[in-house]
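# Chains, contacts and geometry: an overview
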Amino acid sequence: MLPVWFVLLTLLQVLPLRWIDPPTSAFMLARQLEGIGDEGFRLRQQWRDWEEISPQLPIALVAAEDQKFPEHRGFDLEAIDRALEHNARGGRLRGGSTISQQVAKNLYLWKGGGYFRKALEAWYTLLIELTWPKRRILEVYANIAEFGDGIYGAEAAAQAFFGKPARALTAAESARLAAVLPNPRRYDAARPGPYVQRRARWIQAQVRQLGGPAYLEGESSAGG
């Protein structure tokens, strides 16, 4: 009976968020706890629906993080293989997580490694891919991703770094936001250093190669 209850409980955690906007995430709650007693810390996040976010941001996120997002069902096995080969050679560790995996981790789990957490991440990823359309997955990711210390989601990031709403983000600004995602507490989209500048240029080139926001049309609302 325990496996049945586990399936039902996790399904009840995932399925309603196909329609209901999550008020927070596990990662945001953890950062709020970390910030207790930290003078001046304020967590910022404002939900924005898909239509209220510039189309330049979702395609920048896909170009930067998960170019096969419209095609896969939660896992990019080729990217995982490449990451394993790269990490085996040493140097900076590289992940192979898809956007769907990152949504699962950010919403429901905790930072860190371990086989148990990775197994939970894989399970939540499968549930998300089975029950949400692709566009919903991207919409949630754009609203819960951390773009700076305590700055979560497209709207808070657009206001904090560029003084404008998420719907007004340009292609260049969207690329800079996507460029900081590997380490948003170290990199700054408003004052990009050499790494963020190089990565933002690469992201913009990848967006053009993919065909721009049109790459997500049709496929972005498929699935579920």
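You'll find the structure just up there.
The text that follows walks through the structure, step by step, so that each part is easy to find. (Residues numbered from 1 in each chain as written. Predicted model: local features only at pLDDT ≥ 70, side-chain atom pairs only at ≥ 80, totals over all residues. Heavy atoms only, no water.)

## Side note on the overall build of the protein chain
Operational definition: Numbered from the N terminus, helices here are DSSP runs of H or I no shorter than four residues, and strands are runs of E no shorter than two. Relative accessibility thresholds used throughout: buried, under 20% of the residue-type maximum; exposed, over 50%; partly exposed, between the two (1.4 Å probe, protein chains only). The method behind every accessible area is Shrake-Rupley, applied with a 1.4 Å probe, and residues are considered shielded solely by the protein chains displayed.
The helix and strand inventory of the protein chain stands at 10 helices and two strands. Helices and strands appear in the protein chain in the N-to-C order α-α-α-α-α-α-α-β-β-α-α-α. Going through the 224 residues of the protein chain one by one, you find that 45% of them count as buried. Of the roughly 11,600 Å² of accessible surface on the protein chain, a fraction of 57% belongs to carbon and sulfur atoms.

## Digging into the packing of helix α3 (residues 56-65) against helix α10 (residues 194-210)
Selection rule: For every element, the axis is a line fit to its C-alpha atoms; helices are fit only across the contacting stretch, and the angle between N-to-C directions ranges from 0 to 180 degrees. An angle below 35 degrees is read as roughly parallel, one above 145 as roughly antiparallel, one from 65 to 115 as roughly perpendicular, and any other as oblique. Contact definition: two residues touch when any of their heavy atoms are within 4.5 Å.
Between α3 and α10, whose axes approach to 9 Å, the crossing angle comes to 105 degrees. Taken together, α3 and α10 sit at an angle that is classed as roughly perpendicular. Judged by residue contacts, Ile 59, Ala 60, Ala 63, Ala 64 and Glu 65 of α3 engage Arg 199, Trp 202, Ile 203, Gln 206, Val 207 and Leu 210 from α10.

## Focus: the packing of aromatic side chains
We count it as follows: Between the rings of Phe, Tyr and Trp (Trp by its six-membered ring), a pair exists once the centres lie within 6.5 Å; its type follows the angle of the planes, with under 30 degrees stacked, over 60 edge-to-face, and the other angles tilted. We call a charge positioned over a ring when the NZ of a Lys or the CZ of an Arg lies within 6 Å of the ring centre and within 35 degrees of the ring normal.
Scanning the entire structure with this criterion turns up four aromatic pairs. Look at Tyr 187 and Tyr 195: their rings are 4.7 Å apart centre to centre, the planes differ by 25 degrees, and that puts the pair in the stacked class. By relative accessible area, Tyr 187 is classed as buried at 14%. Exposure remark for Tyr 195: the relative accessible area of 25% places this residue in the partly exposed category. Across from the ring centre of Phe 69, 4.4 Å away, lies the NZ or CZ of Lys 134, which sits over that ring.

## Re the nonpolar core
How we decide: Among buried residues, those of type Ala, Val, Leu, Ile, Met, Phe, Trp, Tyr and Cys that are joined through side-chain atoms within 4.5 Å constitute a nonpolar core.
In this structure, Val 103, Tyr 108, Trp 132, Leu 177 and Ile 203 are the most contacted members of the largest nonpolar core, which totals 56 residues. Breaking this core down by element, the ones donating at least two residues are α3, α5 (99-108), α6 (115-131), α7 (134-144), β2 (151-152), α8 (154-162), α9 (171-179) and α10. Excluding anything up to four places from it in sequence, Tyr 108 contacts Gln 13, Val 14, Leu 17, Ala 26, Tyr 124, Ile 128 and Trp 132.

## Re the side chain of Thr 125
Cut-off, in case you're wondering: Polar contact is defined as a pair of N or O atoms within 3.5 Å, subject to the rule that within protein one atom must be able to donate a hydrogen and the other to accept it, and that residues adjacent in sequence are counted only when both atoms are side-chain atoms.
Mapped onto the elements of the fold, Thr 125 is located in helix α6. Engagement of the side chain of Thr 125 in a polar contact is seen with the backbone oxygen of Glu 121, the distance being 2.7 Å. Filtering out sequence-adjacent residues up to four positions away, Thr 125 remains in contact with Gly 74, Phe 75, Ser 100, Gln 101 and Ala 104.

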